[in-house]
Amino acid sequence: MRFTGDKKTVWIGTNWKMNKGPAEAVAAARALAAFRPPEGVRTFVNPPFTSLKDVSAVLQDSPMIVGAQNMFWEDRGAWTGEISAPMIAECGASMVVIGHSERRQHFGETDWTVNLKVRAALKHGLRPLVCIGDTLDEFEFGVSQETLARQAKIALHGLSQEDFARVLIAYEPVWAIGAAGRPAEAPFVSQIHTKLRAVMQDITGPDSTVRIPLLYGGSVSQANIRDYVALPDVDGVLIGRAGWEPADFMKLIDSVSTLVSARVDA
Ligand code: PGA
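Residues numbered from 1 in each chain as written. Predicted model: local features only at pLDDT ≥ 70, side-chain atom pairs only at ≥ 80, totals over all residues. Heavy atoms only, no water.

Points about the site of the ligand
In step 1: In the vicinity of the ligand, the residues found are Lys 17, His 100, Glu 172, Ala 176, Ile 177, Gly 178, Gly 218, Ser 219, Leu 238, Gly 240 and Arg 241.
In step 2: Within the backbone of Gly 178, one N or O atom sits 2.8 Å away from an oxygen atom of the ligand.
In step 3: A distance of 2.9 Å separates an oxygen atom of the ligand from a polar backbone atom of Gly 240.
In step 4: In isolation the ligand offers 280 Å² of accessible surface; the protein chains occlude 99% of this area.
In step 5: A per-class count over the shell around the ligand returns 3 nonpolar, 5 polar and 3 charged. (Near = heavy atom within 4 Å. Polar contact = N/O pair within 3.5 Å; in protein donor to acceptor, adjacent residues only side chain to side chain. Areas by Shrake-Rupley, 256 points an atom, 1.4 Å probe, with all protein chains shown as cover. Nonpolar A, V, L, I, M, F, W, Y, C, P; charged D, E, K, R; others polar.)

Description of the environment of Phe 188
In step 1: Its location among the elements puts Phe 188 in helix H9 (residues 186-204).
In step 2: Owing to a relative accessible area of 18%, Phe 188 belongs among the buried residues under this scheme.
In step 3: Sequence-wise, Phe 188 and Met 71 are 117 residues apart; in three dimensions their C-alpha atoms are separated by 31 Å.
In step 4: Apart from the residues lying within four places of it in its own chain, the contact partners of Phe 188 are Asp 134, Phe 139, Ser 144, Tyr 171 and Trp 175. (Helix = DSSP H or I, 4+ residues; strand = E, 2+ residues; numbered from the N terminus. Buried < 20%, exposed > 50% of the residue type's maximum accessible area, 1.4 Å probe, protein only. Contact = heavy atoms within 4.5 Å.)

With respect to the pattern of salt bridges
In step 1: On inspection of all chains with the given rule, the structure shows 11 salt bridges.
In step 2: The salt bridge involving Asp 111 is made with Arg 104; its shortest N-O contact spans 2.8 Å.
In step 3: Owing to a relative accessible area of 10%, Asp 111 belongs among the buried residues under this scheme.
In step 4: We classify Arg 104 as buried; its relative accessible area is 17%.
In step 5: For the salt bridge of Glu 109 with Lys 117, the shortest nitrogen-to-oxygen distance reads 2.8 Å. For the pair formed by Glu 109 and Lys 117, the shared burial category is buried. (Salt bridge = Lys/Arg side-chain N within 4 Å of Asp/Glu carboxyl O.)

So, the nonpolar core
In step 1: Residues Ile 12, Val 130, Leu 156, Ile 169, Met 200, Tyr 216 and Ile 225 are the most contacted members of the largest nonpolar core, which totals 69 residues.
In step 2: In terms of residue count, the dominant contributor to this core is H9 (8 residues).
In step 3: Grouped together as the second largest cluster of nonpolar side chains are 11 residues, Trp 11, Ile 65, Met 95 and Ala 170 included. (Core = buried A, V, L, I, M, F, W, Y, C linked by side-chain atoms within 4.5 Å.)

As for the packing of aromatic side chains
Note on aromatic pairs: each is described by the distance of the centres and the angle between the planes.
In step 1: Going through the model one piece at a time under the given rule, you end up with 8 aromatic pairs.
In step 2: Arranged with centres 4.8 Å apart and planes meeting at 45°, the rings of Phe 72 and Trp 79 form a pair that is tilted.
In step 3: For Phe 72, a relative accessible area of 9% puts it in the buried group.
In step 4: Above the face of the Trp 16 ring, Lys 20 is positioned so that its terminal group lies 5.2 Å from the ring centre.
In step 5: The aromatic ring of Phe 107 is capped on one face by Arg 103, whose charged end is 4.2 Å from the ring centroid. (Phe/Tyr/Trp six-rings, centres within 6.5 Å; stacked < 30°, edge-to-face > 60°. Lys NZ or Arg CZ within 6 Å of the ring centre and 35° of its normal.)

Observations regarding the sheet that holds strand S3 (residues 65-68)
In step 1: Within the closed barrel, the 8 strands sit side by side as S1-S2-S3-S4-S5-S6-S7-S8. Their pairing is parallel. Going from strand to strand, the sheet's axes swing by 25° on average, the running direction of each strand aside.
In step 2: When strand S6 (residues 168-171) meets strand S7 (residues 214-217), the two strands line up parallel, connected through 3 bridges. Bridging from a neighbouring strand, Tyr 171 pairs with Tyr 216 of S7.
In step 3: Packing of helix H11 (residues 246-254) onto the sheet brings it into contact with strand S1 (10-15), strand S2 (41-46) and strand S8 (236-239), and relative to S1 it is tilted by some 165°. (Pairing = 2+ DSSP bridges. Axes fitted to C-alpha atoms, helices over the stretch in contact; angles between N-to-C directions.)

This is the structure we're talking about:
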């Protein structure tokens, strides 16, 4: 099985957002350390910066990948409050979420800064998980696809084939995220992802064999995870609050095992 770009690999991760201080984060990591995902599933967790090093140490020998939730594009310097890619890598993390809608919405991140961060992450060996998403207005005006194509094209601008092979994309409709969000209907996600697959081919080039994994995120729960993972162009899910409790997260991962084995056998 190839490490990335494989049709049969399903990615399932949870972003803890601004939850869990160091003690709680380590306890949660310990609860996840012995967990073995079903064959074909790659799992990851995104703790806050303050516990990145400790959580990475606890999960060092487990299949659980550890990733940061954000980063700055410069390596070092007078950037008060920022964290760089080399710092994240030194903590033992190998992934980083870039351009989450909460960063775009509340902290002024733009497609341009997302691209700077993606390039810096790749330069330092981190795997970027780039979030793209349409707002409710864009969804209602019927321009979701245009928004997503623009975000993806700018985010991945200037990357090499080698770089593409290390990138993950998460489609996260802004209107579907959080307690006030409503999960996107599976047929809608299917349609979006199939079109996004074509956009990815456009970005990587007509001759490229790289298949960038496309995850779905936004109110994923025990009630709907199988509906999303069953879709042919969905390569996994990015889970928020439904995955914060380790027991719930492991249950969510286990619940897709029969779907994944069908992919593995296909
Ligand atoms: P949610 O968050 O699952 O709590 O809606 C998803 C996300 O922001 O990635």
